[in-house]
There are 2 protein chains.
Amino acid sequence: MELLSSTKSFGGWLKRYKHESLSVKGDMTFAIYLPPQAETQNVPVLYWLSGLTCTDENFIQKAGAFRKAAELGLAIVCPDTSPRGTDYPNEHESYDFGSGAGFYVNATMEPYSNTYHMYDYVVQELPHLIETNFPVTDKRSISGHSMGGHGALICALKNPGKYQSVSAFAPIVNPTKCPWGQKAFTGYLGEDKDAWNEWDATYLIESQVGKASERLPLFIDQGEADNFLVEQLKPEALEAACEKVGYPITLRRQPGYDHSYFFIASFIDEHLEHHSNALS
Amino acid sequence: MELLSSTKSFGGWLKRYKHESLSVKGDMTFAIYLPPQAETQNVPVLYWLSGLTCTDENFIQKAGAFRKAAELGLAIVCPDTSPRGTDYPNEHESYDFGSGAGFYVNATMEPYSNTYHMYDYVVQELPHLIETNFPVTDKRSISGHSMGGHGALICALKNPGKYQSVSAFAPIVNPTKCPWGQKAFTGYLGEDKDAWNEWDATYLIESQVGKASERLPLFIDQGEADNFLVEQLKPEALEAACEKVGYPITLRRQPGYDHSYFFIASFIDEHLEHHSNALS
């Protein structure tokens, strides 16, 4: 790991690293906020997955999360959103595909199948790296925004027991049924729509047969003035699936809030408290 | 005024406007955060002046200030840092001059004297505009960062009674004696160094003859790991001037903190409380 920067924030340290990832076969960058408590004890970790067009830096600069993280003694890890360094056809043309949007899946279509294994990266490789190299416990939670909010949901739903809690801001809850998801899944997974379902949170809820004791409650905030609400995000689909199978969900519709980090900042403290409660 | 955007944040509203400025003879952009209290009453205003390379957007995105502003019922106004829309020789070449750095002075050297009247803009025109068009009181405070921290100091020192309180993060306290200030003052004010002094906070303190009752205490945070501390910022010069004339100053040296917005975010709540106490 190569340390890119180290910045004091709220008594703790924000560090950015570059490392060679086996999952994506190239260099990846991530940020980690270590609260002051990490100087004397191991602390639990919240993983944050960012959305379309983002990198590891959007959350750390705009979410205003470190004040509460320092108070709670919570580390926060922010991976980049896509592999970098390749130049596949169409990889850099769109804000909602390729280097603009890794979608936290394991691609099966050439050429993306060579490196776009963001799911393996955030679920397996990155936690192993973090838990090997930093003063953290093996207690993890996961959250994210938009594409990353959906990423957080599928990481939690597909890995019972791996995370203590999950939450999301304005997640793309049903990607197989919206333009952003259909475009990404066609490019990464191909035309066979049956192969898409295992990467769709709403489908995973509908089909989930796990023990009730393994069901992590979903905690979601959604702005009602979000420009992407109707066409892309479709929280009502997830809500209906949860109702159908009795899956616990708290979906808060926040009047007047849009899709931006100003929305995230307004409610991040409550998400951090939700995770801290589950992690302690 | 043309409304550029309106975004809900912590129950209040962040709005960005463009308007035609008489002071700088061209369009200027500013952001205003109106806390929830502004829906039912007039609220006091903190003016925030940003630093080199910034616009009206750095503070609103990175400082994490709106949570506390919403709690305190404080509006925050963030002007842009320089006039825009002109193309003078050398205006856009440097990060520390021209469109990178207006320095909150009234330029007297051609061609900058035509439009670079940022001091008049932030002290006179902008408060008049704000107090005419928004639900605010005529109680004002002022703060800022680096070049803008110095801007806040000179605005307050040159206008006894205009502001209820003043603070700064990592201000350039003695611009006549550091490279950033010397470059800017040469370009805006010319070679006559006597003309520089009235724009230098340390000189203003040393020479100030105002009544003790009009002396606003200075509240300053300075990171000890700030890369610009020794060559550009020189807080010890201001401290010595204050000691010499008995001017009240609280200068906090914060170990480990750098010049970034991560530093500002870590202490902004205390500054907002300082101003709110003075404003109420």
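Calculation criteria
- Residues numbered from 1 in each chain as written.
- Chains lettered and ligands numbered in written order.
- Predicted model: local features only at pLDDT ≥ 70, side-chain atom pairs only at ≥ 80, totals over all residues.
- Heavy atoms only, no water.
- Contact = heavy atoms within 4.5 Å.
- Buried area = accessible area lost by both parts, 1.4 Å probe.
- Salt bridge = Lys/Arg side-chain N within 4 Å of Asp/Glu carboxyl O.
- Polar contact = N/O pair within 3.5 Å; in protein donor to acceptor, adjacent residues only side chain to side chain.
- Helix = DSSP H or I, 4+ residues; strand = E, 2+ residues; numbered from the N terminus.
- Bend = angle between axes of the 7 residues up to and from the residue.
- Buried < 20%, exposed > 50% of the residue type's maximum accessible area, 1.4 Å probe, protein only.
- Least-squares fit on C-alpha atoms with pLDDT ≥ 70 in both.
- Pairing = 2+ DSSP bridges.
- Core = buried A, V, L, I, M, F, W, Y, C linked by side-chain atoms within 4.5 Å.
- UniProt positions renumbered as here; feature names shortened; annotations may be inferred.

**Observations concerning the interface of chain B and chain A**
In step 1: Across the contact, 21 residues belong to chain B and 21 residues belong to chain A.
In step 2: Summing the contributions of chain B and of chain A, the shared interface buries around 1,700 Å²; its carbon and sulfur component is 58%.
In step 3: One can count zero salt bridges joining chain B with chain A.
In step 4: At the junction of chain B with chain A, the criterion picks out six residue pairs in polar contact (both at pLDDT 80 or more).
In step 5: It is helix 9 (residues 261-279) of chain B that contributes the most residues to the side of chain B that touches chain A, four residues altogether.

**Looking at helix 9 (residues 261-279) of chain A**
Residues and elements named next belong to chain A.
In step 1: The largest bend along helix 9 measures about 50 degrees and falls at F267.
In step 2: Burial of helix 9 is extensive: 14 of the 19 residues sit out of reach of the surface.
In step 3: Two to three positions downstream of the cap, the backbone nitrogen of F262 sits 3.1 Å from a side-chain oxygen, assigning the N-cap of helix 9 to S260.

**As for the relation of the copies chain B and chain A**
In step 1: Of the transformation placing chain B onto chain A, the axial shift is 0.0 Å and the rotation is 180 degrees, giving an RMSD of 0.0 Å. The relationship between the two copies is best expressed as a two-fold rotation axis.
In step 2: Counting the interface residues of chain B, we find that 100% of their copies in chain A are interface residues as well, pointing to one common contact surface.

**Thoughts on the pairing of strand 3 (residues 26-34) of chain B**
Residues and elements named next belong to chain B.
In step 1: Judged by how many residues are buried, strand 3 sits mostly within the fold: eight of nine residues are covered.
In step 2: As defined by bridge partners, strand 2 (residues 12-21) adjoins strand 3 across nine bridges and the pair is classed as antiparallel. Looking at strand 3, one finds that K18 is bridged to T29.
In step 3: Connecting strand 2 to the next strand, strand 3, in antiparallel fashion are four residues, including K25 with a positive phi near 55 degrees.
In step 4: By the bridge criterion, four bridges tie strand 3 to strand 5 (residues 75-79) in an arrangement that is antiparallel. The partner of Y33 across the bridge, within strand 5, is I76.

**Observations regarding the nonpolar core**
In a soluble, globular protein the nonpolar side chains are often hidden away together inside.
All names here are of chain B.
In step 1: F30, I76, F103, I130 and Y188 are the most contacted members of the largest nonpolar core, which has 95 residues in total.
In step 2: The element that contributes the greatest number of residues to this core is helix 3 (residues 118-133), accounting for eight residues.
In step 3: Those residues within four positions of Y188 in sequence are excluded, and the remaining contacts are F97, G98, A101, G102, F103, V105, A107, T108, M109, Y112 and Y116.

**Concerning the UniProt feature "active site" (unreviewed entry) in chain A**
Residues and elements named next belong to chain A.
In step 1: UniProt's feature table lists "active site" (unreviewed entry) at S146, D226 and H259, given in the numbering used throughout. For the residues just named, distributed over 114 residues, the greatest C-alpha separation is only 10.8 Å, placing them together at one site.
In step 2: Counting through the fold element by element, D226 comes out in the loop between strand 8 (218-223) and helix 7 (229-233).
In step 3: A relative accessible area of 5% means that D226 is categorised as buried.
In step 4: Non-local contacts of D226, meaning those with residues more than four positions away in its chain, are made with A170, L233, Y257, D258 and H259.
In step 5: Only 3.3 Å separates the side chain of D226 from the side chain of Q222, close enough to count as a polar contact.
In step 6: Turning to its location among the elements, H259 is positioned in the loop between strand 9 (249-254) and helix 9.
In step 7: On the basis of relative accessible area, H259 is assigned to the buried category, the value being 14%.
In step 8: With residues near it in sequence (within four places) discarded, H259 still touches H145, S146, A170, D226, F228 and L233.

**Some details on the pattern of salt bridges**
Residues and elements named next belong to chain A.
In step 1: For the structure shown, the criterion picks out 28 salt bridges over all chains.
In step 2: When the shortest N-O distance is used, the salt bridge between E57 and R16 registers 3.4 Å. Highlighted residues: E57 in helix 1 (residues 57-62) and R16 in strand 2 (residues 12-21), separated in sequence by 41 residues.
In step 3: Judged by relative accessible area, E57 falls into the partly exposed class, the value being 28%.
In step 4: Residue classification places R16 among the buried positions, given a relative accessible area of 17%.
In step 5: The salt bridge partner of R140 is E131, with a shortest N-O separation of 2.6 Å.
In step 6: Linked by salt bridges that have partners in common, R67, K68, E71, D269 and E273 make up one network.

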